Amino acid sequence: MELSQVVDRLQKYASPSLAASWDNVGLLVEPSNLHHVSRLLLTNDTTLPVVAEAMKLKVDMIISYHPPIFNPIKRLTQKSWKEQVIIQCIENKIAIYSPHTSYDVLHNGLNDWLAAAFSGKSEPILQPCNQSSDEYSVSVFLPNQLPKGLEAQLLEAVPEVTIVGHNKRVLDSTTCEMGVILKLTLPKKQLSRVMNFFESYENSSIEAVELVKPPMVGYGYGRLITLDHRMTLQDAVRLVKSHLKLIFVRLAIGQGKSLGSQVETIAVCAGAGSSVLNGVKADLYVTGEMSHHDVLDAVHTGTSVVLCGHSNTERGFLSVLRQTLDVLFENKVNIHISTMDKDPLEMV
């Protein structure tokens, strides 16, 4: 399959718009010219050992759950391992695509896979998925009347502006002047240009409001499970270890509880769970990592906490994802799961 077809199908499966606003998802490295994808490598993190594995397998593409490019890169040298990763992928014509948080919020996505460690009723969302928006609504007050030709001049100066309309003869509550209000919508990056445009109009004023889209129905972070049958905390921990194929996890036992205490409700969040799990009423939290103080807060409300290691709560999902992608790509792409990808932290 051509790379453009692969990317198109990936984005239809999970739109990049589902990702958190701070995230960096989608196609991150694109080889020049027409690029055919016949072999693909799935990994949680794109490290140097993973890239060496990709080169050995002669893959055409890496799907990396975590984006290897997150913070802006100002140069590509051999000084850091992250720069080396990108350079080697470019040199070997290996495309990189990262879905990250867009897979966290999906139905039957990462958090549903994590919740599947337990048998029970799973509430789909602990934290709704807010749609990212980069648009502003701008109201421009102009004294007296709308200057002739202003709208055409504005569109010529800032083509990305949309003129919604204008109100005739309104009173400015600040200056008590009569005038008109011109209503606009525009991308955030054009806000300063619009403000500069109206600087020359005496006694004009501007109000800008960020447009916030409503949460997306059916998408969100974390899951709350009510078990079909209550179990002991010790048994719940065993299920987590079995599901994630771990020998060790870290456990904080809720105040007044013990390994023999009964568990009925379990809140899960893959990766770093503090922002999602904090304040959720449950007998047990299961996540990759939480801060020391957030664990203390949970314990003092009687909630026990299982910490499994950040990527340990994500990596096992790659096997499920491979089956999904086999269908998505109609078995036209040979998909491998990295054997070199692993959590950097070990229990010793």
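Refer to the structure above for everything that follows.
Just so it is clear, the structure is predicted and the values come from calculations on it, not from any experiment. (Residues numbered from 1 in each chain as written. Predicted model: local features only at pLDDT ≥ 70, side-chain atom pairs only at ≥ 80, totals over all residues. Heavy atoms only, no water.)

Examining a nonpolar patch on the surface
Thought 1: Together, Ile73, Leu76 and Ile90 line one region of the surface with nonpolar side chains, adding up to about 260 Å² of accessible area.
Thought 2: By the secondary structure assignment, Leu76 is in the loop between strand E3 (61–64) and helix H3 (81–91). (Patch = residues over 30% accessible without salt bridge, like charges linked within 9 Å, V, L, I, M, F, W, Y side chains within 5 Å. Areas by Shrake-Rupley, 256 points an atom, 1.4 Å probe, with all protein chains shown as cover. Salt bridge = Lys/Arg side-chain N within 4 Å of Asp/Glu carboxyl O. Helix = DSSP H or I, 4+ residues; strand = E, 2+ residues; numbered from the N terminus.)

Some points on the pattern of salt bridges
Thought 1: Inspection of every chain in the model, using the stated rule, returns 8 salt bridges.
Thought 2: Between Lys332 and Glu330 there is a salt bridge; the shortest N-O distance is 3.2 Å.
Thought 3: A residue is classified by how much of its surface remains accessible, and Lys332, at 48% relative accessible area, is partly exposed.
Thought 4: Residue Lys342 pairs with Glu346 through a salt bridge whose shortest N-O separation is 3.8 Å. (Buried < 20%, exposed > 50% of the residue type's maximum accessible area, 1.4 Å probe, protein only.)

Observations concerning unusual backbone geometry
Both trends apply: most residues other than glycine have a negative phi, and most peptide bonds are in trans.
Thought 1: At Lys58, a position not held by glycine, the phi torsion is positive, near 55°.
Thought 2: When you line up the elements, Lys58 lands in the loop between helix H2 (48–57) and E3.
Thought 3: Overall, the relative accessible area of 61% leaves Lys58 in the exposed class.
Thought 4: The phi torsion at Lys245 lies on the positive side, around 55°, for a residue other than glycine.
Thought 5: Locating Lys245 in the fold gives a position in the loop between helix H8 (233–244) and strand E13 (250–252).

Re the side chain of Asp60
Thought 1: In this structure, Asp60 sits in the loop between H2 and E3.
Thought 2: This buried residue, Asp60, is left without a salt bridge; Arg39 holds the nearest opposite charge, at 5.6 Å. (Lys, Arg positive; Asp, Glu negative; His and termini not counted.)

Observations concerning the nonpolar core
Thought 1: Core analysis: the biggest nonpolar cluster contains 68 residues, and Leu10, Met61, Phe118, Ile266, Tyr285, Val286 and Phe329 have the highest contact counts within it.
Thought 2: Examining the composition of this core, we find that 6 residues originate from one element, strand E14 (residues 262–272), more than from any other. (Core = buried A, V, L, I, M, F, W, Y, C linked by side-chain atoms within 4.5 Å.)

Thoughts on the packing of H2 against H3
Thought 1: Two numbers describe how H2 lies on H3: the axes approach to 9 Å, and their chain directions differ by 15°. In terms of their interaxial angle, H2 and H3 are classed as roughly parallel. Relative to H3, the crossing made by H2 is left-handed. Contacts from Leu48, Val51 and Met55 of H2 reach H3 at Trp81, Gln84, Val85, Gln88 and Cys89.
Thought 2: Of the residues that constitute the contact of H2 with H3, the class distribution is 6 nonpolar, 2 polar and no charged. (Axes fitted to C-alpha atoms, helices over the stretch in contact; angles between N-to-C directions. Parallel < 35°, antiparallel > 145°, perpendicular 65-115°, else oblique. Left-handed = near helix turned anticlockwise from the far one by under 90°. Contact = heavy atoms within 4.5 Å. Nonpolar A, V, L, I, M, F, W, Y, C, P; charged D, E, K, R; others polar.)

Some thoughts on H8
Thought 1: Helix length check: H8 (12 residues) gives 17 Å between terminal C-alpha atoms against 16 Å at 1.5 Å per residue, within 8%.
Thought 2: Taken residue by residue, H8 has Leu233, Ala236, Val237, Val240 and Leu244 as its buried positions. Taken down its axis, H8 places every buried residue within 100° of arc, on the same side. What points out from H8, more than 90 degrees from its buried face, is the exposed set Arg238 and Ser242.
Thought 3: On its buried face, H8 is in contact with helix H5 (110–115), strand E12 (223–232), E13, E14, strand E15 (284–289) and strand E16 (304–307).
Thought 4: Among the residues trailing H8, Lys245 stands out with phi positive, at a value near 55°. (Expected span 1.5 Å × (residues − 1). Arc of directions from axis to C-beta.)

Side note on the packing of aromatic side chains
Thought 1: Evaluated as defined, the whole model comprises 6 aromatic pairs.
Thought 2: Plain terms: the ring middles of Tyr103 and Phe317 are 6.5 Å apart, the flat faces sit at 75° to each other, and that makes the pair edge-to-face. Of this pair, Tyr103 sits in helix H4 (residues 101–104) while Phe317 sits in helix H11 (residues 317–328), placing them 214 residues apart in sequence.
Thought 3: Ring geometry for Phe198 and Tyr201: centres 5.8 Å apart, planes at 50°, overall tilted.
Thought 4: Exposure remark for Phe198: the relative accessible area of 2% places this residue in the buried category.
Thought 5: An aromatic cluster is built from Tyr13, Tyr103 and Phe317, whose rings are joined through pairwise contacts. (Phe/Tyr/Trp six-rings, centres within 6.5 Å; stacked < 30°, edge-to-face > 60°.)

Digging into the side chain of Thr303
Thought 1: Mapped onto the elements of the fold, Thr303 is located in the loop between helix H10 (292–299) and E16.
Thought 2: At 2.7 Å, the side chain of Thr303 and the backbone oxygen of Ala282 are in polar contact.
Thought 3: Once you skip the residues sitting within four places of it in the chain, Thr303 turns out to touch Gly254, Ala282, Asp283, Leu284, Tyr285 and Ala298. (Polar contact = N/O pair within 3.5 Å; in protein donor to acceptor, adjacent residues only side chain to side chain.)

Section: the sheet that holds E16
Thought 1: In space, the 6 strands of this open sheet follow the order E5-E12-E14-E15-E16-E13, with mixed pairing throughout. Looking along the sheet, the strands with just one partner apiece sit at the ends: strand E5 (120–123) and E13. Neighbouring strand axes in the sheet, compared pairwise and without regard to direction, differ in orientation by 25° on average.
Thought 2: Pairing analysis gives 5 bridges linking E14 to E15, with the strands arranged parallel. Bridge assignment links Ala267 to a residue of E15, and that residue is Tyr285.
Thought 3: Of the strands in this sheet, E12, E13, E14, E15 and E16 are in contact with H8, which crosses E12 at around 125°.
Thought 4: The strands touched by H10 are E13, E15 and E16; relative to E16, the strand with the most contacts, the crossing angle is about 145°. (Pairing = 2+ DSSP bridges.)

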